[in-house]
Amino acid sequence: MTEPLARATDLLVGALLLAAACAAPARAPSPERSPAAPAPAPAAAATAPAALPGAASPAAAPPLSPPVVVRVASLLGLTDAGLFIAQDRGYFAAEGLEIEHSRVDGAAQAMPHVATGQLDVAGVTPSAAFFNAINRGLPLRIAADKGHVAPGYSQNTWMLREDVAASGAVRDWADLRGLTLGINVPNSGSSTDIMLDGALERGGLTRNDVRIVELPYPDINAAFANQTIEVALHSEPFATLGVNLGVARRWRPASDVRAEQYTGVWIYSPQFAETEAAYRFMVAYLRGVRDYNDAVVYGRGKPAVVEILTRYTPVKDARLYDQMGFAALDPNGRVIPERIAEDVQYYLAKGYLQQPVDVAQVIDLRYADHAVSKLGPYRPPAP
């Protein structure tokens, strides 16, 4: 085996090990409980939210005693950075909350547990499945942003196979005609479909003008390596691994197609939504998100934040954090209704959604507003 091939093999093995780690339920290395699956339990203590004081300091209200267990489910990945930072730095404990983690693979798995109160909080994609569930009467509401595409910030990026990029054959979206694209879960009625169709439309193309191969993100680099695909909509950390393997190059950021695109939101169960703990959860969470923004956007305290993320996420190599793209997390928890409405219109037009949804009734920002009233609006750290 030649030295370059041996190196590539080592990198591929490393990528497969990381893929296996990403596929397995993650457990935070903290004293707080991390069960593998949501288990029915009594709902969080229901103190009236109106009783919360609106003081400016996050320490103004004493913590709940005894601590309230909050059952939270998500992918337990990089877009959960705010959650992990808040837990590691004691922000939830300061509010009298104990976080119990569960890993779910998507909205379809999480929503029934949230609707029935078996889970208190879940991080999901605002997909067609989510809106269809609302139309079927599930009492689900968006409480805050969990991750979105913004100029300069996204975990998703369009990539070209190394030899395709080197040839210069693909310079603009129209050049995708006739090529084979690797896409994670196409035709699922999710943000992936919005990004895919938006990219093709930028080039005056449709799906009939390209060949689409469905590939999980961990398999895309191998598909580049064996020349099964020429283009992919990739995601971190696998996009950075593909660059390091020498099998692909970054081409266009996801924000080139749509400047703002929600890829994740937090939803509350109807039971949890009426508790004091729901407001306190958001205060603690946004403290963690603000630390994330300080580190990722402005570089303040980044080594310490990276150290936390290497312990809580499957991405254990601290060096990758200097190469990866990061999702935007709103430090005030805001969700822009117009952007969600654009998604709804897309899902309706493509047949993923059968009935319109009143977006104003789906977004409930009482919790983020309360957190901002306590913490103040986010301000970038001083230079």
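Residues numbered from 1 in each chain as written. Predicted model: local features only at pLDDT ≥ 70, side-chain atom pairs only at ≥ 80, totals over all residues. Heavy atoms only, no water.

*Asks:* Help me understand the confidence of the model for the chain in this model?
*Replies:* Where the model shows low pLDDT, its predicted coordinates should not be examined in detail. Looking at the chain as a whole, its pLDDT mean stands at 86, while 84% of the residues score no less than 70. In the predicted structure, residues 1–58 sits below a pLDDT of 50 and forms 98 contacts with residues beyond four places in sequence or in another chain. (pLDDT = per-residue confidence, 0-100. Contact = heavy atoms within 4.5 Å.)

*Asks:* Before we go on, may I ask you to explain the layout of surface pockets in this structure?
*Replies:* Over the atoms rolls a probe the size of a water molecule, and its path tells where empty space is left. Counted as a void, the largest pocket has a volume near 1300 Å³. Lining the largest pocket are 50 residues, and of these Leu 75, Asp 105, Thr 125, Asn 184 and Tyr 217 sit closest to its centre. Of all elements in the fold, only α1 (3–23), α4 (107–115), β3 (121–124), β4 (141–149), α7 (191–202), α8 (217–225) and β10 (261–268) reach the threshold of two or more residues within the lining of the largest pocket. Here the lining of the largest pocket is composed, by residue class, of 24 nonpolar, 21 polar and five charged. (1 Å grid on protein atoms, 1.4 Å probe; cavity = no way out; pocket = protein on both sides within 12 Å on 5 of 7 lines; lining within 4 Å. Points joined across faces, edges and corners; volume = space filled by probe spheres on them. Helix = DSSP H or I, 4+ residues; strand = E, 2+ residues; numbered from the N terminus. Nonpolar A, V, L, I, M, F, W, Y, C, P; charged D, E, K, R; others polar.)

*Asks:* Explain the packing of helix α2 (residues 81–88) against helix α11 (residues 302–312) here, please?
*Replies:* Think of two packed helices as two axes; the pair is described by the angle between the axes and how far apart they sit. At a closest axis distance of 10 Å, the pairing of α2 and α11 adopts a crossing angle of 100 degrees. In this view, α2 runs roughly perpendicular relative to α11, as classed from their interaxial angle. Note on element contacts: α11 touches α2 through Val 305, Ile 308, Leu 309, Arg 311 and Tyr 312, opposite Ala 81, Phe 84, Ile 85, Gln 87 and Asp 88. In terms of residue class, the contact of α2 with α11 is built from seven nonpolar, one polar and two charged. (Axes fitted to C-alpha atoms, helices over the stretch in contact; angles between N-to-C directions. Parallel < 35°, antiparallel > 145°, perpendicular 65-115°, else oblique.)

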